[in-house]
Amino acid sequence: MTEQLLRSSFGAAATAYAEHRPDYAQAAVRWALEPAPGLRVLDLGAGTGKLSATLVAVGADVVAVEPDPAMLTELRRALPGVRALPGSAESIPLPDASVDAVLAGNALHWFDMAVAGAEIARVLAPGGVLAGLWNIMDDRIDWVAGLERVSGSAAIGPRDTLGSWRAATAGMLVPSTGLIARFRSAEQVEFPHGQRRTADSLVATLATRAGMLVMPDEERAATLGRVRAFLGSRPETAHGEFTLPMLTGVLRARRR
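Conventions we followed
Residues numbered from 1 in each chain as written. Predicted model: local features only at pLDDT ≥ 70, side-chain atom pairs only at ≥ 80, totals over all residues. Heavy atoms only, no water. Phe/Tyr/Trp six-rings, centres within 6.5 Å; stacked < 30°, edge-to-face > 60°. Helix = DSSP H or I, 4+ residues; strand = E, 2+ residues; numbered from the N terminus. Buried < 20%, exposed > 50% of the residue type's maximum accessible area, 1.4 Å probe, protein only. Lys NZ or Arg CZ within 6 Å of the ring centre and 35° of its normal. Polar contact = N/O pair within 3.5 Å; in protein donor to acceptor, adjacent residues only side chain to side chain. Contact = heavy atoms within 4.5 Å. Pairing = 2+ DSSP bridges. Right-handed = clockwise from strand over helix to strand, strands pointing away. Core = buried A, V, L, I, M, F, W, Y, C linked by side-chain atoms within 4.5 Å.

Caption draft 1: View of the packing of aromatic side chains. Tallied over the full model, the rule gives 3 aromatic pairs. With a centroid separation of 5.7 Å and 40° between ring planes, the pair formed by W134 and W165 is classed as tilted. With W134 in strand 5 (residues 124-137) and W165 in helix 8 (residues 162-169), the pair connects residues that are 31 residues apart, well separated along the chain. By relative accessible area, which is 0% here, W134 ends up buried. With relative accessibility at 0%, the residue W165 sits in the buried group. With a centroid separation of 5.6 Å and an interplanar angle of 85°, the aromatic rings of W143 and F242 are classed as edge-to-face. With W143 in helix 7 (residues 142-151) and F242 in strand 7 (residues 242-254), this residue pair connects regions lying 99 residues apart in the sequence. Of the two residues, W143 and F242, neither departs from the other in class, the shared state being buried. Seen from the ring of W31, R252 lies directly overhead, with NZ or CZ sitting 3.6 Å from the centre.

Structure below.
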């Protein structure tokens, strides 16, 4: 299964993505922006605007860039006050040194950093910040670890749990090439977060994962059926609303 196929899978589920995907912990966003020289922020690979909404809430001046037309339409509907442009990490439609920070919510792993690294550095002001944010499940909690085992890697992948996201993302901003060397050494920090869910809405959330979206219908139905049965069997999740234990993980580097 190619990265391109996974990357391009979200548009068909844009409405479900907007409804079910979580927002980002404000403390995580504030930490990501802390060293930035100002609050002009590019939300890159913005999707339906989940991160943009949190950026607006913390007072940032946001411009959003998203390649998928369906996702971009949903973002513009949800956040009419945010400037939202078609574009990609590899071709950013902004002038040089025009933003103080570039943030990517559950998107940095889709970027071709051999190309995107130079583009991001170009649009960042000196001393500007590049940060990737991921909402991750806290698999230190017993039932969450069980959910991960039942769901499989298509629904809960290597960047989706506390136990794996650091290892899966640590190398993304390593200064091993001339392009990424434009950034100082990266830092990783997690911040407490959570999302109110029901068994049905959590199943719907997992159905928006890239691996699930490209799965054959029969296999997807079987996987979601296993998840639903597991949630129905656990006292923490079987009856009404519950809080899904999460964290927002941040990978942050500063432009030289």
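Here the narrative resumes, following the displayed structure.
Caption draft 2: Fine view of the side chain of R252. Along the chain, R252 turns up in strand 7. A polar contact is formed between the side chain of R252 and the backbone oxygen of W31, at a distance of 2.5 Å. Not counting the four nearest positions on each side in its chain, R252 is found in contact with W31, A32, E34, P35, V129, L130, A131, S185, A186 and E187.

Caption draft 3: Representation of the pairing of strand 2 (residues 61-66). With respect to burial, strand 2 is a largely interior element, 5 of its 6 residues being buried. Summarising the sheet, strand 1 (residues 40-44) and strand 2 pair through 5 bridges and their orientation is parallel. Residue pairing in the sheet places D43 in a bridge with A64 of strand 2. Handedness of the crossover is the feature at issue here: the chain leaves strand 1, passes through helix 4 (residues 50-57), returns alongside strand 2, and the resulting connection is right-handed.

Caption draft 4: Structural context of the nonpolar core. If you look at the biggest cluster of nonpolar residues, it comprises 31 residues, and the most contacted ones within it are L42, L44, V102, L108, F111 and I120. When residues of this core are traced back to their parent elements, those giving at least two are strand 1, strand 2, strand 4 (99-105), helix 6 (113-123), strand 5, helix 8 and strand 7. Sort the elements by how many residues they give to this core and helix 6 lands first, with 5 residues. Setting aside its immediate chain neighbours within four residues, L108 contacts M113, L130, G132, W134, M172, L173 and L251. Among the nonpolar cores identified, the runner-up in size contains 28 residues, and Y24, V58, V129 and V250 belong to it.

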